[in-house]
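# Architecture and fold: a report
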Amino acid sequence: MNKSTYENHEIHTKQRTKNEALVTFLDDDGKAEVYSLLYPIFKAKGLPFSACIVTGKLDTPGIMTSEQVRELISEGHEVLGHTHNAHSANMKDYSLNYLKNDTLKCRELLQKLGSNSRGFVYPQGRSSIAIKRIVQKEFDFAFGATGINTDENVEKMKLKRLGFGMWGSGDDLEAYKAQIDYLVENGGWLTYMLHTGVGPTAHEELTLLPELIIYIQSKGIKIVNASEGYALYGSGKKRPILLRTVDLAKETILSILYRKPDLLKKTLKLKTFLKL
């Protein structure tokens, strides 16, 4: 792994097939456990993962240190922005002027740490048209929706993720395997949202990761960092408003099905619905 894997968007875009299946693991908040628990799992597998950090909280109790973040980056893992200090509440609760300064500081500190990533994750996944415009001045893409990114529905400033652990299907490995089976059948870029070190069952849920990774690889699916996924899927055209309304309805239904393996398997046959 090295940083060049997410720096040449044009080459990656030419190399993939339509709706090629990809998986990304993206952790939120930059807790100390990302370094002590998550990092060793991916290091042992020789695979990349991504983490978004609140840059203003680095080097404080319970959070990774700047040196730990630099080590992750030097080992080829990607570090994205998660605000500088606007993480304690919904971004909508801050003034636009505050957010302009905050996102700028976030981007500048990422660069000082050695991160070339142009990715961002909205706290709580929440944004607005005005917030997207502010973030887009400093970052090329951002995550803030639920679902799987495809050529048909990708929106670069509101990319989709599925929860892992207490934000997803808990410790139900079969549910995650059903999501991977869905991905094999329909294609797309599935990004798992992790919160390592957050919640009472966070440590136990990580024990599922090695087995899930093995299952993903057994299906021939490539595991990539966030920028590589964006490089491959981020050039999609904006959907007409009518189809975006269909997307919203579809994603609302699928957000329920993603947690129910038996029902999700049945949707594999709904080709017309899934390919809209």
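Rules of the game
- Residues numbered from 1 in each chain as written.
- Predicted model: local features only at pLDDT ≥ 70, side-chain atom pairs only at ≥ 80, totals over all residues.
- Heavy atoms only, no water.
- Pairing = 2+ DSSP bridges.
- Helix = DSSP H or I, 4+ residues; strand = E, 2+ residues; numbered from the N terminus.
- Right-handed = clockwise from strand over helix to strand, strands pointing away.
- Axes fitted to C-alpha atoms, helices over the stretch in contact; angles between N-to-C directions.
- Parallel < 35°, antiparallel > 145°, perpendicular 65-115°, else oblique.
- Left-handed = near helix turned anticlockwise from the far one by under 90°.
- Contact = heavy atoms within 4.5 Å.
- Nonpolar A, V, L, I, M, F, W, Y, C, P; charged D, E, K, R; others polar.
- Expected span 1.5 Å × (residues − 1).
- Buried < 20%, exposed > 50% of the residue type's maximum accessible area, 1.4 Å probe, protein only.
- Polar contact = N/O pair within 3.5 Å; in protein donor to acceptor, adjacent residues only side chain to side chain.
- Phe/Tyr/Trp six-rings, centres within 6.5 Å; stacked < 30°, edge-to-face > 60°.
- Core = buried A, V, L, I, M, F, W, Y, C linked by side-chain atoms within 4.5 Å.
- Salt bridge = Lys/Arg side-chain N within 4 Å of Asp/Glu carboxyl O.
- pLDDT = per-residue confidence, 0-100.

As a further point, take the pairing of strand S5 (residues 141-146). In the sheet, strand S4 (residues 119-121) pairs with S5 via three bridges, with the strands oriented parallel. Bridge assignment links Gly 119 to a residue of S5, and that residue is Phe 141. The parallel pair S4 and S5 is bridged by helix H5 (residues 129-138), and the resulting crossover is right-handed. Bridging between S5 and strand S6 (residues 159-163) involves three bridges; their strand directions are parallel.

So, on to the packing of helix H2 (residues 32-45) against helix H3 (residues 66-74). As a packed pair, H2 and H3 sit with axes 10 Å apart at the nearest point and diverge in direction by 25 degrees. Of the possible angle classes, the one that applies to H2 and H3 is roughly parallel. For the pair H2 and H3, the sense of crossing is left-handed. Contact with H2, carried on its side by Val 34, Tyr 35 and Tyr 39, involves Gln 68, Glu 71 and Leu 72 of H3 and no other residues of that element. Its residues placed into classes, the contact of H2 with H3 shows four nonpolar, one polar and one charged.

Helix length check: helix H6 (residues 173-186), at 14 residues, gives a terminal C-alpha distance of 20 Å against a target of 20 Å (1.5 Å per residue), a fit within 8%. Those residues of H6 that fall on the buried side of the exposure criterion are Leu 173, Ala 175, Tyr 176, Lys 177, Ala 178, Gln 179, Ile 180, Tyr 182, Leu 183 and Asn 186. Regarding H6, its N-cap is Asp 172, as a side-chain oxygen of that residue lies 3.2 Å from the backbone nitrogen of Glu 174 further along. Looking one or two residues beyond H6, the residue adopting positive phi is Gly 187, at roughly 80 degrees.

Let us look at the packing of aromatic side chains. Centre distance and the angle of the planes are the two values used to describe a pair of aromatic rings. Taken as a whole and assessed by the stated rule, the structure comprises 14 aromatic pairs. When the centroid spacing of 5.4 Å and the interplanar angle of 40 degrees are considered together, the rings of Tyr 35 and Tyr 39 count as tilted. Of this pair, Tyr 35 and Tyr 39 both sit in helix H2, four residues apart, roughly one helical turn. Taking relative accessible area as the criterion, Tyr 35 reaches 23% and is therefore assigned partly exposed.

The next point concerns the nonpolar core. General note: in soluble globular proteins, nonpolar side chains tend to be found buried as a group. Phe 25 and Tyr 192 are the most contacted members of the largest nonpolar core, which has 55 residues in total. Every residue in contact with Tyr 192, bar those within four places of it in the chain, is listed here: Val 23, Thr 24, Phe 25, Leu 26, Leu 162, Gly 163, Phe 164, Tyr 176, Gln 179, Ile 180 and Leu 212. Grouped together as the second largest cluster of nonpolar side chains are 15 residues, Leu 22, Val 121, Val 154 and Leu 232 included.

Attention now moves to the environment of Gln 179. Structurally, Gln 179 is set in helix H6. Gln 179 gets classed as buried once you look at its relative accessible area, which sits at 2%. Counting along the chain gives 17 residues from Gln 179 to Leu 162, while the straight-line C-alpha distance between them is 9.4 Å.

All right, on to the pattern of salt bridges then. Any two side chains of opposite charge can pair, given that their charged atoms come close. Summed over the entire model, instances satisfying the criterion amount to seven salt bridges. Here Glu 155 makes a salt bridge to Lys 132, at a shortest N to O gap of 3.3 Å. One end of the pair, Glu 155, is in the loop between S5 and S6; the other, Lys 132, is in helix H5, and 23 residues separate them in sequence. Its relative accessible area of 29% is what places Glu 155 among the partly exposed residues. Classification of Lys 132 by relative accessible area gives buried; the value is 18%. Of the charged contacts in the structure, one is a salt bridge between Glu 174 and Lys 177, with a shortest N-O distance of 3.8 Å. Placement of the pair is Glu 174 and Lys 177 together in helix H6, with a separation of three residues, close to one helical turn. The class for Glu 174 is partly exposed, based on a relative accessible area of 46%.

A residue-level look at the protein finds 78% of positions with pLDDT of 70 or above and a mean pLDDT of 85. Low pLDDT, under 50, characterises residues 2-14; the stretch is placed with 23 contacts to residues that sit more than four places away or in other chains. Predicted confidence is poor over residues 268-276, with pLDDT under 50, and the contacts of this stretch with residues over four places away or in other chains come to 22 contacts.

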